[in-house]
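Report on the structure
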Amino acid sequence: MGVDRRTVMLSAAAALAPLGAARAREDDTLAAAAARCGLGFGTAVGARGFASADYRALVERECAVITPENAMKWPALSPGPDRFTFEDADRYAAWAAKAGKALRGHTLLWPRQDRLPEWVKAYDFGPKPVEACDRLVGRHVATVAQRYAKRVGSFDVVNEAIDPATGAMRDSVLSQASGGLGRLIALSFQLAREAAPKAQLVYNDYMDWGTGSEKHRLGVLRLLESLRKGAIPVDALGVQAHVTAPADRGAAQRRERDWRAFLDEVTQMGYKLVVTEFDVDDREIVGDVAERDQQVADYGKRWAEIALSYPQLTTFVTWGLSDRFSWLDSFRPRADGQHKRGCLYDDDFQPKPLRAALIEAFSAAPARARPST
Ligand code: 9MR
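Keep in mind it's a predicted model, so treat the numbers as computed, not measured.

So, how was this worked out
- Residues numbered from 1 in each chain as written.
- Predicted model: local features only at pLDDT ≥ 70, side-chain atom pairs only at ≥ 80, totals over all residues.
- Heavy atoms only, no water.
- Helix = DSSP H or I, 4+ residues; strand = E, 2+ residues; numbered from the N terminus.
- Expected span 1.5 Å × (residues − 1).
- Bend = angle between axes of the 7 residues up to and from the residue.
- Buried < 20%, exposed > 50% of the residue type's maximum accessible area, 1.4 Å probe, protein only.
- Contact = heavy atoms within 4.5 Å.
- pLDDT = per-residue confidence, 0-100.
- Near = heavy atom within 4 Å.
- Polar contact = N/O pair within 3.5 Å; in protein donor to acceptor, adjacent residues only side chain to side chain.
- Areas by Shrake-Rupley, 256 points an atom, 1.4 Å probe, with all protein chains shown as cover.
- Nonpolar A, V, L, I, M, F, W, Y, C, P; charged D, E, K, R; others polar.
- Salt bridge = Lys/Arg side-chain N within 4 Å of Asp/Glu carboxyl O.

1. Let's talk about the environment of Pro311
Mapping Pro311 onto the fold places it in the loop between helix 13 (289–308) and strand 9 (313–318). Spatially, the C-alpha atom of Pro311 lies 29 Å from that of Gly46, the residues being 265 residues apart in sequence.

2. Considering helix 12 (residues 251–268)
With 18 residues, helix 12 extends 26 Å from end C-alpha to end C-alpha; this agrees with the ideal 26 Å at 1.5 Å per step. In the structure, helix 12 departs most strongly from a straight axis at Arg257, where the bend amounts to approximately 35°. Listing the buried residues of helix 12 in full gives Ala251, Ala252, Arg255, Glu256, Trp259, Phe262, Leu263, Val266 and Thr267. Against the buried residues of helix 12 lie helix 11 (214–229), strand 6 (236–239), strand 7 (242–244), strand 8 (272–281) and helix 13.

3. Points about helix 14 (residues 353–364)
In an α-helix there are 3.6 residues to a turn, and that puts residues three or four apart on one side. Its 12 residues place the ends of helix 14 17 Å apart at the C-alpha level, agreeing with the 16 Å of an ideal helix rising 1.5 Å per residue. Within the sequence span of helix 14, burial applies to Leu354, Arg355, Ala357, Leu358, Ile359, Ala361, Phe362 and Ser363. Its buried side turned inward, helix 14 meets helix 2 (30–36), strand 1 (40–45), helix 4 (53–62), strand 8, helix 13 and strand 9.

4. Notes on the environment of Val158
With respect to the helices, strands and loops of the structure, Val158 is situated in strand 4 (residues 152–159). For Val158, the contacting residues outside a window of four places in its chain are Thr107, Leu109, Pro111, Ile185, Ser188, Phe189, Val202, Tyr203 and Asn204.

5. As for the confidence of the model for the protein
With 92% of its residues at a pLDDT of 70 or more, the protein has an overall mean of 93. Across residues 1–20 the pLDDT falls below 50, and counting only partners more than four positions away or on other chains, this stretch makes 12 contacts in the model.

6. What about the site of the ligand?
In the neighbourhood of the ligand, 13 residues make up the surrounding shell, with Glu69, Lys73, His106, Glu160 and Glu277 lying closest. A distance of 3.0 Å is found between an oxygen atom of the ligand and a side-chain nitrogen or oxygen belonging to Trp319. Surface burial for the ligand is 76%, taken as the share of its 460 Å² of free accessible area covered by protein chains. Residues that form the shell around the ligand fall into these classes: three nonpolar, five polar and five charged.

7. Quick word on the pattern of salt bridges
On inspection of all chains with the given rule, the structure shows 24 salt bridges. Among the salt bridges present, the one from Arg91 reaches Asp88, with a minimum N-O distance of 3.5 Å. Of this pair, Arg91 and Asp88 both sit in helix 6 (residues 87–99), three residues apart, which is roughly one turn of that helix. Arg91 sits in the partly exposed class, given a relative accessible area of 47%. Across the pair Asp114 and Arg112 runs a salt bridge whose closest N-O atoms are separated by 2.8 Å. Linked by salt bridges that have partners in common, Glu256, Arg260, Lys301, Arg302, Glu305 and Glu360 make up one network.

Here is the structure:
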């Protein structure tokens, strides 16, 4: 036949290779590399980034998905009972639509005392607090979900309901008025589904693979289980992924088993996965900038590879693209007081090793069904 056995075997192997296992290309964008394995790639954009034309251009070039970092939160949208100010959020929605980007809605209910609007903290729930609380939360969730139903492909319906220290539901004026958060969480998902029937509905939280996160993971698993039992419409777990690169380079390997066990349980319950807020805190890494950047890239890549090994992961969003606008400096500063470098681009919008590392991870990832977002 003129074709030797080795050639036949090689082409058979190529045919079997997962679609996504394409090589990283010179001129790749993050969105293009991600799309080849069926993944939607994007970033959050905050007010400072949104105000910069250069940054918006970078986001448009690299991303297929945009999350307003703060503009769709309750305090941003609602200055008082039954009052809404949509102008800011609308500007993001208009930008995303014009640029042909998918939009993630973050977040309809963040039931954490310090993240509620001031007027909600002082709200008088009256003699029938359960009903009053249902009305208050329900009206907010339904109004926002309805307004953006046609624009938002995926909503973080509920954010950070679990207290990481205990694994129980968080305490707040809402949980107190309502006799626990469970009914408000269920109500929010039900109302979001009614208002935005086509959107993906996500429970979003920051349980991670670090030591000390066991109770948080267990609490999230319990919540996801109870939502399934109650047939509450939740499509996916949002894994925030604010990961911290450890000084000890062996840590990723030791953490992987527990993390996979967690993701296995979540996906076996039928949930999809969305990486919603990825960045790599480098506060524990000493050394010069080049060493720090390399360790951030290595650790971020390993984390991403594990997440990407789940075909249920269909969207990967970072919490900012450039160190210039990252929230990380406001959180547990470095001991040496230096600016953190946890994003894919530096302050001058120059790409860093973490960007190349993610493109490699996307290029080697197994194919998955195309995302809706
Ligand atoms: O990055 C966000 C920061 O600008 C806000 O001040 C803060 C409070 O609204 O929220 C930050 O984003 C958080 C996200 O909404 C939920 N997960 C943790 C993120 C970082 O704190």
